[in-house]
Amino acid sequence: MKEFSSMYSNFNDFINSTSAAHVNGYIKGCGSIKMLMEEIEDLGLSEKSNNRLIEIVKGYGR
């Protein structure tokens, strides 16, 4: 969330963010590791957050 708040100074921009929606979906278990790896660089996250998101998605076994 901290990374997104620095990307979007306006809360409405955050709410309408495609990147935030995609990250949220992955965290909730939607999407596969293959899908994530195809778009992870476009999400705008730090390397640390990318790695954490990968761990989360791998945990779902998809």
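Residues numbered from 1 in each chain as written. Predicted model: local features only at pLDDT ≥ 70, side-chain atom pairs only at ≥ 80, totals over all residues. Heavy atoms only, no water.

Engineer: What should I look at first to understand the packing of helix α3 (residues 18-27) against helix α5 (residues 47-59) in this one?
Structural biologist: Where α3 meets α5, the closest approach of the two axes is 9 Å, and the angle between their N-to-C directions is 40°. Relative to α5, the element α3 lies oblique. Counting all contacts with α3, which are made through Val23, Tyr26 and Ile27, the residues of α5 involved are Leu53, Ile56 and Val57. Split by residue class, the contact of α3 with α5 holds six nonpolar, no polar and no charged. (Axes fitted to C-alpha atoms, helices over the stretch in contact; angles between N-to-C directions. Helix = DSSP H or I, 4+ residues; strand = E, 2+ residues; numbered from the N terminus. Parallel < 35°, antiparallel > 145°, perpendicular 65-115°, else oblique. Contact = heavy atoms within 4.5 Å. Nonpolar A, V, L, I, M, F, W, Y, C, P; charged D, E, K, R; others polar.)

Engineer: Is there a simple way to think about the environment of Met37 in this case?
Structural biologist: Here Met37 shows up in helix α4 (residues 33-39). The exposure class of Met37 is partly exposed, given its relative accessible area of 44%. Remark: the alpha-carbon pair of Met37 and Tyr26, spanning eleven residues in sequence, is separated by 11 Å. (Buried < 20%, exposed > 50% of the residue type's maximum accessible area, 1.4 Å probe, protein only.)

Engineer: Help me understand the nonpolar core in this model?
Structural biologist: Soluble globular proteins tend to pack their nonpolar side chains together in the buried interior. Counting residues in each nonpolar core, the largest one holds twelve residues, listed as Phe4, Phe14, Ala20, Val23, Tyr26, Leu36, Ile40, Leu43, Leu45, Leu53, Ile54 and Val57. For this core, the secondary structure elements donating two or more residues are α3 and α5. (Core = buried A, V, L, I, M, F, W, Y, C linked by side-chain atoms within 4.5 Å.)

Engineer: I would appreciate a short explanation of the side chain of Asn50 in the present structure.
Structural biologist: By the secondary structure assignment, Asn50 is in helix α5. In this structure Asn50 touches Ile40, Glu41 and Leu45, once residues within four positions along its chain are discounted.

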